[in-house]
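# Topology and contacts: notes
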Amino acid sequence: MTAQLTVTLTKAGRTKISYPAELVADTGTRITVQAPWAAPGVRDFGFVRFEPGDVFTEHFWRDRWYAVKEVRTGEGDLKGWYCDVTRPASVRDGVILIEDLDLDLWVSADGSSVLRLDEDEFAESGLRDTDPEAAAEAVRALDALDAQARSAAGLGALLS
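Residues numbered from 1 in each chain as written. Predicted model: local features only at pLDDT ≥ 70, side-chain atom pairs only at ≥ 80, totals over all residues. Heavy atoms only, no water.

## Notes on the overall build of the chain
This is how it is decided: Each helix corresponds to a stretch of at least 4 residues labelled H or I by DSSP, and each strand to a stretch of at least 2 residues labelled E; elements are numbered beginning at the N terminus. Two things to know: the radius of gyration comes from C-alpha atoms, and the globule rule equals 2.2 Å times the number of residues to the power 0.38. Here's how the labels work: a residue is buried when its accessible area is under 20% of the maximum for its type, exposed when over 50%, partly exposed in between, all with a 1.4 Å probe on protein chains only. Pairs of residues are marked as contacts when any of their non-hydrogen atoms sit within 4.5 Å. Here the open area of atoms and residues is found with the Shrake-Rupley method and a 1.4 Å probe, where only the protein chains shown may cover a residue.
Within the chain one finds 4 helices and 11 strands. Relative to the globule expectation of 15 Å for 160 residues, the C-alpha radius of gyration of the chain, 15 Å, shows essentially globular dimensions. Dimensions along the principal axes, computed over C-alpha positions, put the chain at roughly 45 × 40 × 30 Å. Going through the 160 residues of the chain one by one, you find that 41% of them count as buried. Taking contacts inside the chain between residues at least 6 apart in sequence as the whole, the part at least 24 apart equals 42%. By element, 49% of the accessible surface of the chain is carried by carbon and sulfur atoms, the whole surface being about 8,200 Å².

Here it is, written out as structure tokens:
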């Protein structure tokens, strides 16, 4: 029997999105789930399109300040990895809770494109003033993801 969980992403104290996901693995430190694209319609970022039929294999850590989402088409073709900088995940009563800290990283399937995203939103969020320790962790997390994505091993080293 497959375990069903709910992924709930919050931002600034309110729910940004909540969706059902299927448990793939839980090591105690990292929890991996799989879910179809959960937002309505198509979201075109210019560098990638998320659309109905896409499948996300999402990795959340209880001890790291990020989540890594492998994105594939419904046919299984890899689009790339979308990384969210978040507070460490918690799991309670079948719900994976994560708090979005605005910073993101996109890595194309072939690794040739590594894009740091939403640094302006992070600066405007005021987190550096309201929670300087969390802001420092967020910046360290983005830098670590960026370095890993650009390394020879790529993001795959985090997910194996």
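What follows continues from the structure just given.
## Here's the deal with the pairing of strand E3 (residues 30-36)
Filter applied, for reference: Strand pairing follows a simple DSSP-based rule, namely that at least 2 bridges must link the two strands.
Here E3 lies mainly inside the structure; 5 of its 7 residues are buried. Joining the antiparallel neighbours strand E2 (residues 14-26) and E3 is a turn of 3 residues, in which Gly28 adopts a positive phi near 100°. The pairing of E3 with strand E6 (residues 55-61) spans 7 bridges and is classified as antiparallel. In the sheet register, Pro36 faces E6, and the bridge partner there is Val55.

## Comments concerning the side chain of Thr73
For Thr73, the location among the structural elements is in the loop between strand E7 (66-72) and strand E8 (78-86). Not counting the four nearest positions on each side in its chain, Thr73 is found in contact with Gly53, Asp54 and Lys79.

## Things to note about the pattern of salt bridges
This is how it is decided: Between Lys or Arg on one side and Asp or Glu on the other, a salt bridge is scored when a side-chain nitrogen of the former is within 4 Å of a carboxyl oxygen of the latter.
Summed over all chains, the structure comprises 17 salt bridges. Between Arg62 and Asp26 there is a salt bridge, with the nearest N and O atoms lying 2.8 Å from each other. Within this pair, whereas Arg62 is found in the loop between E6 and E7, its partner Asp26 is found in strand E2, the two being separated by 36 residues in sequence. Here Arg49 ties to Glu51 by a salt bridge, and the two come within 3.2 Å at their closest N and O atoms. With a relative accessible area of 24%, Glu51 lands in the partly exposed category. Shared partners join several salt bridges into a network, and the residues in it are Asp44, Arg49, Glu51, Asp54 and Lys79.

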